[in-house]
Structures are given as C-alpha cells and as structure tokens.
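Secondary and tertiary structure notes
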Amino acid sequence: MATLLYEIGTEEMPAQYMPGILKNYKELAETKLKEARIPFEKVSVYGTPRRMAFVAEGIADRQEDMTAESKGPSLKIAFDADGNPTKAVQGFARGQGVEVSALEKRDGYVYAIKHTKGGETKVLLPALLDDILHSLSFPKTMRWADYDFGFVRPFHWMVALLDSEVIPVEANDVKSGNVTRGHRFLGSQTITIPSAEAYVKTLEENFIIVDVEKRRALIREQIEALGKKAGGHTAISEDLLDEVTYLVEYPTALCGSIDDKYLKLPKEAVITPMRDHQRYFPVLDDSGKLLPYFITVRNGNSEHLDIVTHGNERVLRARLDDAVFFFENDRKKSLEAHREALHDVAFQRGMGNMYEKTERLEALTSCLLKESGVAADEKALVRAARLSKADLVTGMVTEFTELQGTMGREYALLDGEGDTVSTAIGEQYMPRFAGDELPQTNEGRLLAIADKLDNITATFSRGEAPTGSQDPYALRRQALGILNIVTDGNIHFALTSAIKETLSRLPKTNQSEDKLVADIVEFFAQRSKNMMLDRGVRYDIVDAVLGAEGRDDLCDAFAAADALTAYLGTDKAPETLQAFTRVENITKKSRVDAPVSEALLREDAEKALFEAVEKAAENVHGMLLSRDFAGVLTACDSLSAPINHFFDDVMVMDKDEAVKQNRLALLTKIRSLIGCVGDVSLLVMK
C-alpha cells in the first residue's frame, strides 16, 4: 500500500471559493480513483490561499482486474438448425474481440466474457492526475500568458508523489516534482517534500498549516484567549472565521485597541467596518456591550507583533473616522427629513422610486395586519413602513451598505420613534440569507413580508421572473424568507389577495394581471414544495397539502403537512384515508356543491352516513377556526366505516337524477371535510 499526494500551487485564491474548491477536489479524487479501479483507503484534502492538495492513503500497487460480460443474440438466432454459427453471432463475437468458440451459452443466449488484468498504478497515475486537474470547476476561471487552459488563479508549481516517487504531470509549462513553495515571509521559499506521507508535517515545520480544520481551530483558540484576556469575549461570526481561515497559512492572532470616542457610535456602526471591511473580530462584555478592543489574525508569526498591531489600529481609526463623520452629518436631519430624498432613488426600472415604495408599504402592511389578525400596533407598523427606506440616503448606509435597516433602527431610536417602530425598521430585511435570524416582532414580520412581496410582485410585473439558472434579484431567497417568517410567526393571510393588493398599487404594465397573479402563486408553491422537501416531508404529503382545493394560505400548507405526517403514523390512518380516497376519486369528476336533502335519502347506509357527516362537520368547523388540522384528521376517523358501508350498499349513480345528485352532494360535503387538509388521493399508502 502506498500514499499519493497531489498539490497544485497557485497565486492567492479568493477565500470564498476555497470550501467549494476543496470539496470538488476531494470528490474528483475519490471518483477518478474508483473509475480507474485503483483501491484506496481514504482521501484527505488540504488547502491554504496558495495551494490545494489531496492525500490518498492505502493506494494499491495495481489496478483491480476486471471481468466484463456482454449479452449477445439468442441461441435460436446465433446458430442454425445444424448448430453452425450464423452471421449474427459471428458479427457479435468479432465486435467483442473473441472467438465464437469462446462464447458462453446460458439462459437461451450467448455471452462474451472478457477478463482484463489490472495495470500498474504508477503507470496509470499521470493520466489520472491530469484528468483531475482538467476536471476541476470554479465559480470563475482565469487565463494567463497564451495558454488555453484556464484555472481559478495562475498555478506555478505541482507536487505529485506516490510515496517518494515523482508522478509526471504537466500543464501550462508547469511540471510536477517534489518541491513546493514555502510561506511568503517565513522560512525557506522552496521546500522539498520527502514523501507523500510527510507532506503535512513538512509544511507545518516550515510555517504552513495546510490542515484547514487545524488552522480554523487554532484561530478560534487564539482569538477566544485574547478576548478573555481583554476582559470580555470575542464575538465570533462563523462566516468571518471561515474567511479568515482561508486567508492565512500560518495564523497568529493579535489584539488592538479602539479609541473610546468611537464607542459613542451605535455598536453596529463600529462593528460593521471592523468585521466586513477589515476582517476584525469585536470584543464584547457579558451584557453585549462593545469593548474598546478588536482582534485580528496575521499571516505570520509573533515577530514584530506590536508594529503589526499599531498598523491595524491606524487603518481601523481611518475607517471609524469616516463613520463618525457620516454619523454626525446624518444626525443633522431626522429620518423623516431624510425620507424626502427617496424621490431621487429609483426602485426598479419602470416601478417608480423608493419614496413611492414606502407609500405602498404603508398600505400593504396595514392590509396584512387586518388580514392576518396578529397582535400588532398598527400605528407603529405604518410609521415603520413610512420610514423603512429613509436610511438608504444617509451617509452611513451609502458608505457601509451592510448597515441598511440597522442604521434606520438606530436613527429612529435617536429620533424618539420608540422601540416598536425602530425594531420593525431593523427587522425589515430579515432573513438576509439562508439560516439568518428571523424577525421576532409582529410589526417586523409584517413589514418584512410586505417589503419582500412588493419586490417579488414588481419584478414579475416587469417580466423579470427568475429562470432556471438566473435569479438576479434573489426572488427565490425572498420568497423563502416570507415562508420562514409566516411559519415561524404563525402568520396567516390569503396570498392571492395580498398579491392583487400589491399589484393594484404598482405602476401598470402590459402584462395580464390574472396571469401575473397565477405565476406568482405558482412561484410560492414551488418554493413551499422545496422547503418542505428540505425539511424531510414525504413527497406525496407535499403534493397532497399543496394540492388542497382553494389553499391560499402559506402557513396553513406547512401546518397541514406536519399534521398529515403525524397522522400517517396512527393505526386508523390507512382505513380512513382509503375511504376518503374513494370519495375523492368520485367527486373530482362529479362534484355537486349543493345542500343535502334528507328527504331524498332512501337507503339506511346513506342515512347513517349523513348523520355521521353532520356530527363530524360540527367538530371540524370549530377545529378549522383554530387551524387544528390534526384534530380534523382525527375527527374524520369516525367516517371511515359509514363511508365503506355506503359504497357497499348504495349505488351512487342512481337512475333517479335527483337521488344521484343528492348522493354526490353528500360525498362532496365529505370531501370538503378532509380536503381542507389536503388531497388524500395523492398519498401513497404503504
């Protein structure tokens, strides 16, 4: 057994690309080794800003032997009456490269069996590594000099070793060897790797920690220790930690100071320039208050750390001086006064300006509040909608766009708008990305829903709906944001009427309103489906709840899916759902929405069913008011036996048209009971 190393050395790669690159690299190495029938034990990937590498352990000396079997013509076709081979079998044998006499006869057919002996691994590896190199994919590629082959960044060296033997690989005039590049500023600039097994240790001895997880753990340990030493704790954003991990090869954390005068700014106005622009970690006390320190990570050792710290303090000071200037200039006017400048900020092409958008949000949030019936302060909600975009024209947000909404909240507080208004303004953009925090106040939830719904509807109106590969306005993310908000906050409203309300206030386009509404509803249905499947809901349950007739409440669909998932695990479910499926199948084509006439009920079975339905309907009505879908399903259990007796004893399609219509009306009423949960005929019963 041997160890294989393949390192590709490049110019600095973007940190945000690295997780995907290393994942792709590992998968390619494993896939190509398996396809080549080269046994191995495991593949590990390593990476720094200047290199990607994989080490495959337990590589076999030889490729596995292969036996291939090809099925040929039937014996009747392969041989004539005298047992002589026909042209058909001769052609098959020739195509397989074997003699007719070597064909096996089995199961009425002939088979060609070919045995291929495995080749020597080190002979196969040059082509395999070249295949991996040329199969790597990147978000963007570069081309340099006059080479046709592009890569994420120009590469300058390759190390390819099977144990200590160099495997020859060449691309863009770069040939593989056993020499890698050292840290840009520490140790030797060229490092000889004695063997594939010694790769990680050799680099670490030369100030390069190539193990990503070890590097991340070391950074976390160092910045946490410095935060504690400063009298607080380091606020670690996992995204920032990942980014810093891929920015350095040999991390050393340092702690710098922040002048107390900058702490008079709102906390986020200090943290955002630190974190998003300088890649610094803030230090907070136990109450969450910002302390006058920051922590950053240098790509090097502790030598001259005081000089490096001073340089970082000076850079941050310039950033925060800008923040102070913008903040003080912004505070010369209230948010209300800033709002007037929104007349000059376009919303979307043909969709007016941001001032007009805030007017739409005032109306839409008020409508959503009335529709949903949630407990919220309408006056504060409408005020938050009115001021929601005013911070977009402030200096702070113009300079630090990440602070939109956040500075609106801070400026609203300083203006005396109150906590409810301010918090809603701050929550309007949540969630900003997958897994982000959701709004926690009803005012914030409704404003966030209205803002995203207005964005989606306006973009569809312009004919810019997302396609399979394009979603430049992030409408899918915004729709998922609405779904997460309504399910988290248990917010109910009719989607169709909300879309129509939004459309009525947008500038008119030449598109059909009915088609626009239908397209947007379908857009949300697809996002709901994907979200349910991601949560582990069975595909047939998803189809059933989304297929419920008249379903127009986003939150109800998820609640129904949860109820149906739990119900399918009960003992009564199979019998009840089978009975209701029979009802569903008939009423889909022969629905009669009319009152049931007791005078036309003739058979005992239909009379018994009618009584059971009336009793169940009373219970279901109360449950629907509280959206108790689990209770609806349980209440329907009592109908399975009467339904089955009805179908056993009663001919639905009676010759008497009045009787027939009455029976269909009874079945339609039954269908409506469970139909509020979902179309049970779409369920796959096991």
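Being a predicted model, the structure only gives us computed values, none of them experimental. (Residues numbered from 1 in each chain as written. Predicted model: local features only at pLDDT ≥ 70, side-chain atom pairs only at ≥ 80, totals over all residues. Heavy atoms only, no water.)

Before going further, it helps to examine helix α7 (residues 238–245). Since the α-helix packs 3.6 residues into each turn, any two residues three or four apart lie on the same face. Every buried residue belonging to α7 is among Leu240, Leu241, Val244 and Thr245, and all of these are buried. Buried positions in α7, seen along its axis, are confined to an arc of 140° and lie on one side of it. Tucked into the core, α7 has its buried residues touching α6 (212–229), α8 (267–278), β15 (281–284) and β16 (290–299). (Buried < 20%, exposed > 50% of the residue type's maximum accessible area, 1.4 Å probe, protein only. Helix = DSSP H or I, 4+ residues; strand = E, 2+ residues; numbered from the N terminus. Arc of directions from axis to C-beta. Contact = heavy atoms within 4.5 Å.)

The next point concerns the sheet that holds strand β13 (residues 233–234). Taken together, four strands build an open sheet; the order of strands is β13-β15-β16-β14 and the sheet is antiparallel. Edge positions in the sheet fall to β13 and β14 (251–257), since each of these pairs with one other strand and no more. Summarising the sheet, β13 and β15 pair through two bridges and their orientation is antiparallel. Pairing of His233 across the sheet is with Leu284, part of β15. Seen against the sheet, α6 touches β13, β14, β15 and β16 and runs at an angle of roughly 25° to β14. (Pairing = 2+ DSSP bridges. Axes fitted to C-alpha atoms, helices over the stretch in contact; angles between N-to-C directions.)

On to the nonpolar core, then. Core analysis: the biggest nonpolar cluster contains 126 residues, and Met396, Ile456, Phe493, Phe524, Ile643 and Ile670 have the highest contact counts within it. Those residues in contact with Ile643, other than ones at most four positions away along the chain, are Ala579, Phe580, Val583, Leu609 and Ile670. In terms of nonpolar packing, the next biggest core, distinct from the first, is built from 42 residues, Met13, Ala36, Ile59 and Val212 among them. (Core = buried A, V, L, I, M, F, W, Y, C linked by side-chain atoms within 4.5 Å.)

Attention now goes to the packing of helix α17 (residues 475–489) against helix α21 (residues 554–567). Interaxial distance between α17 and α21 falls to 9 Å at its minimum, and their mutual angle equals 65°. Viewed along their axes, α17 and α21 adopt a mutual orientation that is roughly perpendicular. Every pair of crossing elements has a handedness; the one defined by α17 and α21 is right-handed. Residues Ile482, Leu483, Val486 and Thr487 of α17 form the contact with α21, whose participating residues are Leu554, Cys555 and Phe558. Broken down by class, the residue content of the contact of α17 with α21 amounts to six nonpolar, one polar and no charged. (Parallel < 35°, antiparallel > 145°, perpendicular 65-115°, else oblique. Left-handed = near helix turned anticlockwise from the far one by under 90°. Nonpolar A, V, L, I, M, F, W, Y, C, P; charged D, E, K, R; others polar.)

Now for α8. With twelve residues, α8 should reach 16 Å at 1.5 Å per residue; the first-to-last C-alpha distance of 16 Å fits that figure. Listed as buried for α8 are Ala269, Val270, Ile271, Thr272, Pro273, Met274 and Gln278. The elements touched by buried residues of α8 are β15, β16, α9 (305–330), α13 (395–399) and α14 (406–414). Looking one or two residues past α8, Arg279 carries a phi angle of roughly 60°, positive in sign. (Expected span 1.5 Å × (residues − 1).)

Within this model, the largest pocket holds a volume of roughly 1400 Å³. Every residue lining the largest pocket is counted, 46 residues in all, and those nearest its centre are Glu402, Gln404, Arg432, Phe433 and Asp436. Elements that contribute at least two residues to the lining of the largest pocket include exactly α7, α8, β15, α11 (354–372), α14, α15 (419–427), α16 (442–461) and α17. In the lining of the largest pocket, the residues fall into 17 nonpolar, eleven polar and 18 charged. Domain assignment of the residues forming the lining of the largest pocket places at least three in each of domain 3 (212–329) and domain 4 (335–532). (1 Å grid on protein atoms, 1.4 Å probe; cavity = no way out; pocket = protein on both sides within 12 Å on 5 of 7 lines; lining within 4 Å. Points joined across faces, edges and corners; volume = space filled by probe spheres on them. Domains from an automatic or database assignment.)

The next subject is the domain arrangement of the protein. Split into domains, the protein comes out as domain 1 (1–60 + 118–203), domain 2 (65–114), domain 3 (212–329), domain 4 (335–532) and domain 5 (552–680). Computed over C-alpha atoms only, the centres of domain 4 and domain 5 are separated by 40 Å. Listed per partner, the contact involves 16 residues of domain 4 and nine residues of domain 5. Note on domain 4 versus domain 5: buried area summed over both sides is about 1000 Å², and carbon and sulfur give 74% of it. If you sort the residues of domain 4 by the area they bury against domain 5, Thr487, His492 and Met532 come out on top, with a joint share of 47%. One can count zero salt bridges joining domain 4 with domain 5. Viewed at the interface, domain 5 and domain 4 are joined by six residue pairs in polar contact (both at pLDDT 80 or more). For the side of domain 4 that touches domain 5, the secondary structure elements donating two or more residues are α17, α18 (495–505) and α19 (513–534). For the side of domain 4 that touches domain 5, the per-class residue count stands at ten nonpolar, six polar and no charged. (Buried area = accessible area lost by both parts, 1.4 Å probe. Salt bridge = Lys/Arg side-chain N within 4 Å of Asp/Glu carboxyl O. Polar contact = N/O pair within 3.5 Å; in protein donor to acceptor, adjacent residues only side chain to side chain.)

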